[in-house]
There are 2 protein chains.
Amino acid sequence: MKNNYCVIMAGGVGSRFWPYSTEKRPKQFLDFFGTGRSLLQMTFDRFSKIIPIENIFIASNSSYKNLIMEQLPEIKENQILLEPARRNTAPCILYAMNKIEAINPNANVIVTPSDHLILKEEEFIRTVKVAMDYTQKHDKILTMGIKPHRPETAYGYIQIDEKVDPNSNIYKVKTFTEKPNLELAKIFVESGEFFWNCGMFVWKVQTILSAFDNFMGEMSNKFRTGKCFYNTQEEQSFIDRIYKNCTNISIDYAILEKAMNVDVMAADFGWSDVGTWGSIYEHSDKDVESNVSLQCKSLLYDCKDNVIAIPDGKLAVIQGLEDYIIAEADNVLLICKKSEEQRIRQFVNDTQVKIGKEYI
Amino acid sequence: MKNNYCVIMAGGVGSRFWPYSTEKRPKQFLDFFGTGRSLLQMTFDRFSKIIPIENIFIASNSSYKNLIMEQLPEIKENQILLEPARRNTAPCILYAMNKIEAINPNANVIVTPSDHLILKEEEFIRTVKVAMDYTQKHDKILTMGIKPHRPETAYGYIQIDEKVDPNSNIYKVKTFTEKPNLELAKIFVESGEFFWNCGMFVWKVQTILSAFDNFMGEMSNKFRTGKCFYNTQEEQSFIDRIYKNCTNISIDYAILEKAMNVDVMAADFGWSDVGTWGSIYEHSDKDVESNVSLQCKSLLYDCKDNVIAIPDGKLAVIQGLEDYIIAEADNVLLICKKSEEQRIRQFVNDTQVKIGKEYI
């Protein structure tokens, strides 16, 4: 247990929920479901039940340091890893693994996004325990594969091979497939052989550091040169110096798709990446006309299937809307059909170009 | 000219434009058309071209004193008449006439709403001059009748009788009809005999005070007892004492429909009562898709025929709306089909009952 560590990656920008989430306060820091805890806090709460609090690390962008300290007063400053630039997941994870190795070379680590929703917490905890036991005993890179419930085209899929052990839910990996088209996604789901890559990984630090040595040698060497700086006053300036020159690459592409020792654990713990307004809508309480009002008061007439997210204390009086997103924050009001939400990124770009950066 | 006076009635609550206009800041105090001047200021500007500024009086509710002084720094405190209660137009006008009589018993007065729009200002000024000349010479109660351009069912209509003089546009009045049904309104418009009652009246103080003596004797006596208080430090406390017990009645019902010396001037100076979002929409600049954005920035996609009124400096990003009102102020966001705007009053009531008075 004391060898078990957790790295929560909390550097996302969350422009898909603009203006409700903004670069100043991205999705992981918001209490989307009105529980009183942000997605990051809920993630921390979940892991604090199985990992010692002092072994939980938060990796994020420098600009979010204060937000993290504010939301997670339980952790020490040394448990916050600050990336001076956005370089995707591989450099972030490599940094975290080097830092943890310097504390405990026998560390067994779970790496997780900070902004996902887990509905079946008991099943989740049971699954993570099994996963960490497995990597403790085997030099494996273990990914969490989520049993798909719909032919989602926005996710990566992992195809399973044979079971590593007839009594477990852990399989060898046959292939990785990024964002299939709808037709292919339907075949994937029906086959029963494909699982969603939810971005949660388990391994011993030694296992993953060896993989970095093999597949990302140059980057790995760079981080190893800081061995005596990790967990000292010099760590940040060392990171600030080397980080910007790191390749911008995901852990999936850098390691998982190349390494031979990757297994997948088939899991089903009510996972959602809360990646769209549609998923927020799906997981929120609804009124009799199936409208969702996030933390705000609303008075609705001839309205159904809408999701309304305006600031706390504000009142929305709406007549005659069906299947819309109504979101407001700071100085921006967004109204958009739910079915058109993939255009929000374009709206953000247009706003930046045509109106001004101060609205982003 | 020095006998010419003007009373601008500015006591309305303007709940039809909630939440854009509120009881704290009703319609007449708002710059609906982005000209830099509120409707009240525009009304004042118009009359200041033909009436000496010191002869222009503003009658309103006590609660709007500061707003009036702020918006019209040109006038003195004694030119603001403060009603301690809402009692419709008859008591308000009777108060103003007594006050003006105490200053100038030969005063010739035009009484006007504060929150209407006049598009043809030159024609308006010409018309008002003719009207005031006429009442100066005749003991007549002259109403302004607007040539109707559509069968509006929300207005009162004045039917004309014969001309008082073949060279003028002034007629004797045959009948007054309040809010006809659509069928009748169509007949009215086609006949050419009916004009809209726009709530603008011209008379000598002596003429209207005699009419009050005849038709509202008790109320008239009450106001006459204050003769020595008007335009002194004691005026307000006298008014505060008698006003609440006045009958709540309109000048139309109290006097115009009863007096025999009522004439109507047929006018056509681009008048709008700006009584609906539809009329705001009609009179505002539109983008290529016929959307109106009142004093706010907007980025619109697949949108047409909407009117957007959110606070200055705020940005509306809207996709997929047609023919809607989007209005916001303080802590309320309203979205409503333009065709359903008559329900806004109900929304205000519902908000008060179900949500709380602080949102009104």
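Residues numbered from 1 in each chain as written. Chains lettered and ligands numbered in written order. Predicted model: local features only at pLDDT ≥ 70, side-chain atom pairs only at ≥ 80, totals over all residues. Heavy atoms only, no water.

## Let's talk about the pairing of strand β15 (residues 315-319) of chain A
Residues and elements named next belong to chain A.
Now for step 1: Counting buried positions along β15 yields five of five residues, so the element is predominantly enclosed.
Now for step 2: Of the two faces of β15, the one lined by Leu315, Val317 and Gln319 and the one lined by Ala316 and Ile318 are each fully buried.
Now for step 3: Sheet analysis places strand β13 (residues 297-301) next to β15, joined by five bridges and oriented parallel. Each bridged residue has a counterpart across the sheet, and for Ser298 the counterpart in β15 is Ala316. (Buried < 20%, exposed > 50% of the residue type's maximum accessible area, 1.4 Å probe, protein only. Helix = DSSP H or I, 4+ residues; strand = E, 2+ residues; numbered from the N terminus. Pairing = 2+ DSSP bridges.)

## Some thoughts on the pairing of strand β1 (residues 4-9) of chain B
All names here are of chain B.
Now for step 1: Most of β1 is tucked away: six of the six residues are buried.
Now for step 2: Here β1 shows no split at all, with Asn4, Cys6 and Ile8 on one side and Tyr5, Val7 and Met9 on the other all buried.
Now for step 3: Here six bridges tie β1 to strand β4 (residues 108-113), and the two strands are oriented parallel to one another. Each bridged residue has a counterpart across the sheet, and for Ile8 the counterpart in β4 is Thr112.
Now for step 4: For β1 and strand β2 (residues 56-61), the ladder comprises four bridges, and the chain directions are parallel. Each bridged residue has a counterpart across the sheet, and for Val7 the counterpart in β2 is Phe57.
Now for step 5: Where the polypeptide runs from β1 across helix α1 (residues 39-48) and back to β2, its parallel neighbour, the crossover connection is right-handed. (Right-handed = clockwise from strand over helix to strand, strands pointing away.)

## Side note on the relation of the copies chain A and chain B
Now for step 1: If you rotate chain A by 180° and push it 0.2 Å along the axis, it lands on chain B with an RMSD of 0.1 Å. The superposition operator between the copies reduces to a two-fold rotation axis.
Now for step 2: A high fraction, 100%, of the interface residues of chain A reappear at the interface in chain B, so the copies pair face to face through one surface. (Least-squares fit on C-alpha atoms with pLDDT ≥ 70 in both. Contact = heavy atoms within 4.5 Å.)

## Topic: the sheet that holds strand β15 (residues 315-319) of chain B
Now for step 1: Taken together, six strands build an open sheet; the order of strands is β12(A)-β14(A)-β16(A)-β17(A)-β15(B)-β13(B) and the sheet is mixed. Both edges of this open sheet fall to β12 (292-293) of chain A together with β13 (297-301) of chain B, since each of them pairs with a single strand only.
Now for step 2: Set on the sheet, helix α11 (residues 344-355) of chain A makes contact with β16 (324-329) and β17 (332-337) of chain A together with β13 and β15 of chain B; between it and β13(B) the angle comes to about 140°. (Axes fitted to C-alpha atoms, helices over the stretch in contact; angles between N-to-C directions.)

## What to know about helix α4 (residues 121-137) of chain A
Now for step 1: If you check α4(A), its first and last C-alpha atoms are 24 Å apart, about what 17 residues at 1.5 Å a residue would give, namely 24 Å.
Now for step 2: Along α4(A), the residues that are buried comprise A:Phe124, A:Ile125, A:Thr127, A:Val128, A:Ala131, A:Met132, A:Tyr134 and A:Thr135. (Expected span 1.5 Å × (residues − 1).)

## A look at the interface of chain A and chain B
Now for step 1: At the junction of the two partners, chain A supplies 36 residues and chain B supplies 36 residues.
Now for step 2: Together chain A and chain B conceal approximately 2900 Å² of surface at their shared face, both sides included; 60% is due to carbon and sulfur atoms.
Now for step 3: Sorting the residues of chain A by area buried against chain B places A:Leu315, A:Gln319 and A:Leu333 first, and these three jointly supply 22% of that buried surface.
Now for step 4: The tally of links from chain A across to chain B stands at four salt bridges.
Now for step 5: A:Arg343 is the partner of B:Asp302 in a salt bridge, and the nearest nitrogen-oxygen pair spans 2.9 Å.
Now for step 6: Remark: the boundary between chain A and chain B carries 24 residue pairs in polar contact (both at pLDDT 80 or more).
Now for step 7: Residue assignment for the side of chain A that touches chain B shows that the elements contributing at least two residues are β13, β15, β16, β17 and α11 of chain A.
Now for step 8: As paired elements, β17(A) and β15(B) share four bridges and run parallel to each other. (Buried area = accessible area lost by both parts, 1.4 Å probe. Salt bridge = Lys/Arg side-chain N within 4 Å of Asp/Glu carboxyl O. Polar contact = N/O pair within 3.5 Å; in protein donor to acceptor, adjacent residues only side chain to side chain.)

## What about the packing of aromatic side chains?
Now for step 1: This structure, assessed with the given rule, holds 44 aromatic pairs over all chains.
Now for step 2: For the ring pair B:Tyr95 and B:Tyr243, a centre distance of 6.5 Å and an interplane angle of 70° mean the geometry is edge-to-face. On the criterion of sequence distance, the pair formed by B:Tyr95 in helix α3 (residues 89-103) and B:Tyr243 in helix α8 (residues 235-243) is long-range, its members being 148 residues apart.
Now for step 3: Take B:Tyr95: its relative accessible area is 1%, and that puts it in the buried class.
Now for step 4: Relative to B:Phe194, the ring of B:Phe188 lies with its centre 3.8 Å away and its plane at 5°, an arrangement referred to as stacked. A single burial state applies to B:Phe188 and to B:Phe194, both of which are buried.
Now for step 5: By way of ring pairs, the aromatic residues A:Tyr95, A:Phe223, A:Phe229, A:Tyr230, A:Phe238 and A:Tyr243 are connected into one cluster.
Now for step 6: Above the face of the A:Tyr253 ring, A:Lys258 is positioned so that its terminal group lies 5.2 Å from the ring centre. (Phe/Tyr/Trp six-rings, centres within 6.5 Å; stacked < 30°, edge-to-face > 60°. Lys NZ or Arg CZ within 6 Å of the ring centre and 35° of its normal.)

## Structural notes on the side chain of B:Ser21
Residue and element names in this part refer to chain B.
Now for step 1: On the secondary structure map, Ser21 appears in the loop between β1 and α1.
Now for step 2: Taking relative accessible area as the criterion, Ser21 reaches 0% and is therefore assigned buried.
Now for step 3: Those residues in contact with Ser21 that lie beyond four places of it in its chain are Gly14, Pro26, Lys27 and Leu30.

## Quick notes on the sheet that holds strand β16 (residues 324-329) of chain B
Now for step 1: Taken together, six strands build an open sheet; the order of strands is β13(A)-β15(A)-β17(B)-β16(B)-β14(B)-β12(B) and the sheet is mixed. The sheet is open, and its two edges are formed by β13 of chain A together with β12 (292-293) of chain B, each paired on a single side.
Now for step 2: On top of the sheet, helix α11 (residues 344-355) of chain B reaches β13 and β15 of chain A together with β16 and β17 (332-337) of chain B; it is set at about 140° to β13(A), its chief contact.

## Things to note about unusual backbone geometry
Comment: phi is negative for the bulk of residues other than glycine, and the bulk of peptide bonds are trans.
Now for step 1: Here the residue pair A:Trp18 and A:Pro19 is connected by a cis peptide bond, since its omega of 5° sits within 30 degrees of zero.
Now for step 2: You will see that A:Asp302, though not glycine, has its phi angle at about 50°, which is positive.
Now for step 3: Mapped onto the elements of the fold, A:Asp302 is located in the loop between β13 and β14 (307-309).
Now for step 4: A positive phi is found at B:Asp330, a non-glycine position, where the angle reads about 45°.
Now for step 5: Considering the arrangement of structural elements, one finds B:Asp330 in the loop between β16 and β17.

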